[in-house]
Amino acid sequence: MRLRAPLAIRAAAVHLPRRSLQVSEALAGGLLRPQDHAASGYEALPAAEPGDTPEAFAVEAARLALDQAATRPSAIRLLIHTWLHRPAHPFWSPAHHIADRLGAGRALPLSVQQMSNGSAAALHTAAAWLTADPETGPVLITAADTFVPPGFDRWRGDIMLYGDAGCAAVIDLPAPGRDDLQLMALASTAAPHLEAVHRAGRRPGDTGAPHPRETRRRFLTEHDAETFRSAARAGAAEAIRTALRHAGLDHGGPAPRMVLLPRVGARTLAALYRPVLERLLPGVPCLDLGQHTGHLGAGDLLANLAAFPTAACPLPPGEHALILNGGGGFTWTCAVFRRPAPTCPSHRPTDTKAQT
């Protein structure tokens, strides 16, 4: 997606439950297979308590982001919610519930679902909407998942380890005098022929708990594993090259300061993404921030976005950073962000939208 002008990331936030499950304890207790422990490289997973809902986590993350952005819920014009696993209730709109809980009664609630790439799909939607209609902003994006039994086995259900969280971001058109993080470019590519990776062996109407590990195994009995790896690498590479080109960072442009990776574990990153980045962006640090969260479902991109102002991901003024993400289906997204030079605080204008 070639943006006409950069968009402003007013704030991004993550809400994690208080309980944290130690991966070493799961391994010692037989909940986690040794090979999966080695494959992830992660240490802990945030875990919901009984009765917690993903939508409640989304609301908490949204409140954090709105507070950081100095934006009242009543100012939000578009609220986009996404998830991977499932909402708290069937036949229901979680986006409308979140808007109501926040007091965002003037927002248009919208749900976007694109597996683990949901946050990226929501970001695309927000960017397109803001570009087409500037009065859409501010836009609030939320993502939330809980991977709790008996509906999901976070330890053995897949080749990666899953954590529970709510994530949120406030996005708008840039305002004079502000030094918000800027979204410079956004590019996605898809490989629909891989959709059966999460369907193989299941019948229409199956309502049991999802078993991504089993469907993937069945898919790979009929397709060569290298074919899947090659398609994933090609998809990620195309998204990265396109995003760099749209941001003006190709053909000898300045190298990005860092790349933040999807939180899918060391083995998957080594097989699918690190070889691509080593070829396209040699020497650029590629960071996996999932050590204490695991994979956050649809929230990985927003959680990584929230990390930029922290000590783990300092982004100096004038520097660029990339976030790479992917999800079942399959789809890959690369987003390019830039930290602008700070402006004089005495000349910062009043954010009229925040006072609406």
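For clarity, every value in this text was computed on a predicted model and none was experimentally measured. (Residues numbered from 1 in each chain as written. Predicted model: local features only at pLDDT ≥ 70, side-chain atom pairs only at ≥ 80, totals over all residues. Heavy atoms only, no water.)

1. Side note on the sheet that holds strand S5 (residues 108–111)
Hydrogen bonds between backbone atoms are what pair the strands of a sheet, whose relative direction is either parallel or antiparallel. Spatial ordering of the open sheet is given by S5-S4-S6-S7-S1-S8-S12-S11-S9-S10, a layout of 10 strands whose pairing is mixed. The strands lining the two open edges of the sheet, one partner per strand, are S5 and strand S10 (286–287). Relative to S5, strand S4 (residues 78–82) is paired through four bridges, and the arrangement is parallel. Within the sheet, the bridge partner assigned to Leu79 lies in S5 and is Pro109. (Pairing = 2+ DSSP bridges. Helix = DSSP H or I, 4+ residues; strand = E, 2+ residues; numbered from the N terminus.)

2. Observations regarding the environment of Arg279
Structurally, Arg279 is set in helix H8 (residues 266–280). Judged by relative accessible area, Arg279 falls into the exposed class, the value being 52%. Sequence spacing of Arg279 and His198 is 81 residues, and the spatial spacing of their C-alpha atoms is 29 Å. When neighbours within four sequence positions are excluded, Arg279 is seen to be in contact with Ala237 and Arg241. (Buried < 20%, exposed > 50% of the residue type's maximum accessible area, 1.4 Å probe, protein only. Contact = heavy atoms within 4.5 Å.)

3. Concerning the confidence of the model for the protein
Model confidence for the protein is summarised by a mean pLDDT of 93, while 96% of its residues fall at 70 or above. Confidence over residues 346–356 falls short of pLDDT 50; this stretch has 25 contacts with residues more than four positions distant or in other chains. (pLDDT = per-residue confidence, 0-100.)

4. Structural notes on the packing of aromatic side chains
The full count for this structure, using the stated rule, is six aromatic pairs. Considering the side-chain rings of Phe147 and Tyr162, the 4.7 Å spacing of their centres and the 55° angle between planes classify their relative orientation as tilted. Of the two residues, Phe147 is situated in the loop between strand S6 (139–145) and strand S7 (165–172) and Tyr162 in the loop between S6 and S7; the sequence distance between them amounts to 15 residues. When sorted by exposure, Phe147 lands in the same class as Tyr162, which is buried. (Phe/Tyr/Trp six-rings, centres within 6.5 Å; stacked < 30°, edge-to-face > 60°.)

5. A few points about the pattern of salt bridges
Under the criterion given, the structure shown has 14 salt bridges. In this structure, Glu214 and Arg217 form a salt bridge, with 2.6 Å as the shortest nitrogen-oxygen distance. Residue Glu214 and its partner Arg217 are located together in helix H6 (residues 212–222), separated by three residues, close to a single helical turn. Between Arg229 and Glu226 there is a salt bridge; the shortest N-O distance is 3.0 Å. Within this pair, Arg229 and its partner Glu226 are both found in helix H7 (residues 225–246), separated by three residues, close to a single helical turn. On the accessibility criterion, Arg229 (29% relative accessible area) is partly exposed. The network of salt bridges with common partners includes Arg10, Asp172, Arg178 and Asp180. (Salt bridge = Lys/Arg side-chain N within 4 Å of Asp/Glu carboxyl O.)

6. Here we look at helix H4 (residues 94–102)
Buried within H4 we find Pro94, Ala95, Ile98, Ala99 and Leu102. The buried residues of H4 occupy one face: seen down the axis, they fall within an arc of 140°. Here the buried face of H4 lies against helix H3 (54–68), S4, S5 and S6. Looking one or two places after H4, you find Gly103, whose phi comes out positive at around 85°. (Arc of directions from axis to C-beta.)

7. Here we look at the pairing of strand S12 (residues 331–338)
By the criterion of burial, S12 is predominantly enclosed, with seven of the eight residues buried. In this sheet, S12 lies alongside strand S8 (residues 181–190) in antiparallel orientation, the contact comprising eight bridges. Looking across to S12, one finds that Ala187 is bridged to Cys334. Pairing of strand S11 (residues 320–327) with S12, which is carried by eight bridges, proceeds in the antiparallel orientation. The partner of Ala321 across the bridge, within S12, is Phe337. Count of turn residues in the S11/S12 antiparallel hairpin: three residues, of which Gly329 carries a positive phi of about 135°.

8. A look at the packing of H7 against H8
Running from amino to carboxyl end, H7 crosses H8 at an angle of 45°, the nearest separation of the two axes being 9 Å. When the axes of H7 and H8 are compared, the pair comes out oblique. Relative to H8, the crossing made by H7 is right-handed. From H7, Phe228, Arg229, Ala232, Arg233, Ala236, Ala237, Ile240 and Arg241 reach across to H8, where they touch Ala271, Leu272, Tyr273, Pro275, Val276, Leu277, Arg279 and Leu280. Across the contact of H7 with H8, the residue classes break down as 12 nonpolar, no polar and four charged. (Axes fitted to C-alpha atoms, helices over the stretch in contact; angles between N-to-C directions. Parallel < 35°, antiparallel > 145°, perpendicular 65-115°, else oblique. Left-handed = near helix turned anticlockwise from the far one by under 90°. Nonpolar A, V, L, I, M, F, W, Y, C, P; charged D, E, K, R; others polar.)

9. Comments concerning the pairing of S6
With respect to burial, S6 is a largely interior element, seven of its seven residues being buried. Neither face of S6 is left uncovered, since the one carrying Val139, Ile141, Ala143 and Asp145 and the one carrying Leu140, Thr142 and Ala144 both have all their residues buried. In terms of strand pairing, S4 meets S6 through five bridges, oriented parallel. By the bridge assignment, Leu79 is partnered in S6 with Leu140.

10. Focus on H7
End to end, H7 covers 32 Å across 22 residues, agreeing with the expected 32 Å (1.5 Å per residue, within 8%). Where H7 begins, one side-chain oxygen reaches toward the backbone nitrogen of Glu226, 3.0 Å away; that side chain belongs to Asp224. Two residues or fewer past H7, Gly248 is found with a positive phi of approximately 75°. (Expected span 1.5 Å × (residues − 1). Polar contact = N/O pair within 3.5 Å; in protein donor to acceptor, adjacent residues only side chain to side chain.)

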